[in-house]
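Working through the structure, step by step
For reference, the chains in residue letters:
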Amino acid sequence: MPWRAQLGKIARPLAAERAKRTKLLAALRWLVPSAVAASGGALIAGISEAYGLELSLGAYAAGFVVLVALPTLFAASVLARGLWRAWQPIELDRPRLAAWTAFVWLATFTLAWAMFQGTWVLAGMTAFKPMSMSFAEPLLAVAAALALVILSRPTVRLFAWLYAKLDRRLTLTPWRIAIGTIVKTLIAGYLIWHWLVKPRVGTLDLSVFVSPLLGIVGLIAVHVAWHRVVRARRIVGAALGGAAVLALALALFAWQLRPNATLTIWGERPLAGLAIDKLFDLDAIRADISLAAYRPIEMPGAPHRDIVLITIDTVRADHTPPYGGKAEMPLLRELAAKGVVFEWAFSPSNVTRRSIPSMVTGLAPNRVRGRVVGWALRIDPRHVLLAERMQAGGYETAGFVCCYGFWGKAFRTGLQRGLQHLEIEPIGIKLASQARAWLLAREKRPNNKPLFLWMHILEPHGWQALGAPRNDDERKRFYDRALTAADVAATQLMTAFADRKPESAPIVIIASDHGEALGEHGQPFHSTDLYNAQIHVPFVIAGPGIKQGRISETVSLTDLTPTILELAGFEPPKGLDGRSLADLATGRRASTENGVAFAAMIKDRSNPGGITAVLRGPWKLISNGSALELYNVHDDPGERVNYAVSQPLVFGELRRLLQQRTSDGVRSPFD
Ligand SMILES: [Zn+2]
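Residues numbered from 1 in each chain as written. Predicted model: local features only at pLDDT ≥ 70, side-chain atom pairs only at ≥ 80, totals over all residues. Heavy atoms only, no water.

So, the overall build of the protein chain
Counting its regular elements, the protein chain contains 20 helices and 15 strands. Here the protein chain holds 671 residues, and the buried ones make up 46% of them. Taking all contacts inside the protein chain whose residues are at least 6 apart in sequence as the whole, residues at least 24 apart take part in 71%. Summing over all exposed atoms, the protein chain offers an accessible surface of approximately 33,900 Å²; the carbon and sulfur share of this is 64%. Placing the 75 positive and 53 negative side-chain charges of the protein chain at their respective mean positions leaves the two points 16 Å apart. (Helix = DSSP H or I, 4+ residues; strand = E, 2+ residues; numbered from the N terminus. Buried < 20%, exposed > 50% of the residue type's maximum accessible area, 1.4 Å probe, protein only. Contact = heavy atoms within 4.5 Å. Areas by Shrake-Rupley, 256 points an atom, 1.4 Å probe, with all protein chains shown as cover. Lys, Arg positive; Asp, Glu negative; His and termini not counted. Charge placed at Lys NZ, Arg CZ, Asp CG, Glu CD.)

So this is what it looks like as structure tokens:
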């Protein structure tokens, strides 16, 4: 074989190898700007989330943000640049590029507008039936999109003709087109938000979008700068990449060695919290703690009676019989006649996701930590709940509750913790029948454990399902009918205990998580203010050992957990904000004028927050951050006469009390 052929045989694979390696290197080099820009964007997003936290917490929070933002921004950048290469928009002449951009921009808004209008038309035709809506909506979307496709070319031609005229005066560089589009979008977005969305949906917590938006801005900024700082590329790349790696290391360090800091960030920061929520198993942190750690202390000689807690969603006290209301609620009427009625009980907040966690932890609403998920609050795994304490104390625990969004396993709210047996059913009467069947089966077997059963009924929350009220009278009638439905369900549950002797009957507690405004103070529903309509709730306890009578002392449903624990024969746990009312319920102590209740609206989701209220005896002070209102709710339950000026002494005392309770919210409940 000639030497040339010999050499060729060796050289050819080598050359192929080298070519392959060069291609790989080129591909990697192509990815470098995306990696650097993603690092820059992720760091900016991280710093924006760290803002306002103390140094170490802030550094960890930034790290967690980088953990999600870095890969996301990198993927976004690679995708955008890849699409840019595939589209080659530069090949279009300038007026046509401007025309296409303008058409896509316009089509986006048209499609959104068509879907918005169409949804309302469809809703009118289908009475908002989810199934009919979901079949009709895709057809609408496809029809609107097809119409836009058909119109695209003629419209683009027209636009291109117009832009060609403009281009003669003002050169339409791709940059100018891009900036013009961004400016147009910002203006249109603001106008739509201000004129169309905000008046209809009210407050929305948009803080969750701040750091992602800053991250995207950072990504674009670094990409732009990359083409200008050709010489400093290595330094910029190394600095941003190094900082991002350091941030990642901090996040991993916090996750492994600082679980408390990790959980604090989880509850307080939107994006870093999302990263922690998605990446780490919070329940595993919880599972490490044994039941024994929060076993309640036995009270010597105290019996462990069966306890049935019935919470009914959205019940304002003044519509129920024990409080002079007209609603037909025979069970509640009977229990109130046999047991103790707390005349002035207040819910800790005006929305379920803030009230219920306060009620089952015994902590003030502003000291419960967690993270909003859907309509509920995912409770910080470090909190110990009533059912867990009861279970640790030797009770058999069961929950019969309305709502998957609050108790369903998939939502991981933590509210189901400690409930050994759990059934979820939204329709009250069905739920009660299930509970009754379970109870009857339980009654048949020998029980060596006392029972703690919690039922949460939803009916009054959905009273509007009975139809659209034409006036306030009808509004009240519909609402009262929903209260009756809840009472019927509770009665169905209680029939399971019909065969019990009075001394072995369960202690029954009926309460609500918040009220409902039916036009008071201009409000049609709840979650909007802290006037009595939304937070004065029924609270009735009846059963063996409970006295008969009415308690005028002001109490809060934050007191529910220590009260139930003491009624169950345990010492009320230390370190809670609520106090046990067992002494009042059993008649060991008489009412005083100094009972205190605190309520707060916590800013999240659709709740603007910022409103707090404190009650002491008959006096109630409400603060919306700037204005203060003082009422005597015993004489003026509708809260019409503001005594803020005419009662300076009471005003001053309650203001101090409110300031103290509000600032207590900052204190960690886990120290
Ligand atoms: Zn509720």
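Following the structure, the description resumes.
Considerations on the pairing of strand E13 (residues 612–616)
Most of E13 sits inside the fold, with 4 of its 5 residues counted as buried. In this sheet, E13 lies alongside strand E12 (residues 596–600) in antiparallel orientation, the contact comprising 5 bridges. Bridging across to E13, Phe598 finds its partner in Val614. Sheet analysis places E13 next to strand E14 (residues 619–623), joined by 5 bridges and oriented antiparallel. From the neighbouring strand, Thr612 faces E14, where its bridge partner is Ser623. What sits between E13 and E14 in their antiparallel hairpin is a turn of 2 residues, with Gly617 showing a positive phi close to 55°. (Pairing = 2+ DSSP bridges.)

Looking at the sheet that holds E13
Strand order in this open sheet of 4 strands is E12-E13-E14-E15, and the pairing throughout is antiparallel. Two strands lie at the open edges of the sheet, namely E12 and strand E15 (628–632), each paired on one side alone. Across this sheet, the average inter-strand angle for adjacent strands is 15°, counted without regard to direction. The sheet contacts of helix H20 (residues 648–664) involve E12, E13, E14 and E15, and relative to E13 the element is tilted by about 125°. (Axes fitted to C-alpha atoms, helices over the stretch in contact; angles between N-to-C directions.)

Some words on the side chain of Ser77
Looking at the element boundaries, Ser77 is found in helix H2 (residues 55–87). For Ser77, a relative accessible area of 2% corresponds to the buried category. Of note is the side chain of Ser77, whose polar atom sits 2.8 Å from the side chain of His223. Not counting residues within four places of it along the chain, the set of residues in contact with Ser77 comprises Ser34, Leu219 and His223. (Polar contact = N/O pair within 3.5 Å; in protein donor to acceptor, adjacent residues only side chain to side chain.)

Some thoughts on the coordination of the zinc ion
Distances from the zinc ion to its protein donors, Asp313 (OD), Thr352 (OG1), Asp513 (OD) and His514 (NE2), fall within 1.8 to 2.4 Å. Coordination at the zinc ion is irregular: its 4 donor atoms span angles of 83 to 137° at the metal. Counting the intervening residues between successive donors of the zinc ion yields the motif D-x38-T-x160-D-H. For the pair shown, Asp513 and His514 are each scored as buried. (Donors = N, O, S within 2.8 Å, 3.2 Å for Na, K, Ca; no water. Tetrahedral: all angles 85-135°; square planar, octahedral: opposite > 155°, others 65-115°.)

What to know about the state of the cysteines
A full pass over the atoms with the stated rule returns 1 disulfide. A sulfur-sulfur separation of 2.0 Å characterises the disulfide bridge that pairs Cys402 with Cys403. On the S-S bond that ties Cys402 to Cys403, the torsion sits near -100°, and the link is left-handed. A single burial state applies to Cys402 and to Cys403, both of which are buried. (Disulfide = S-S within 2.5 Å.)

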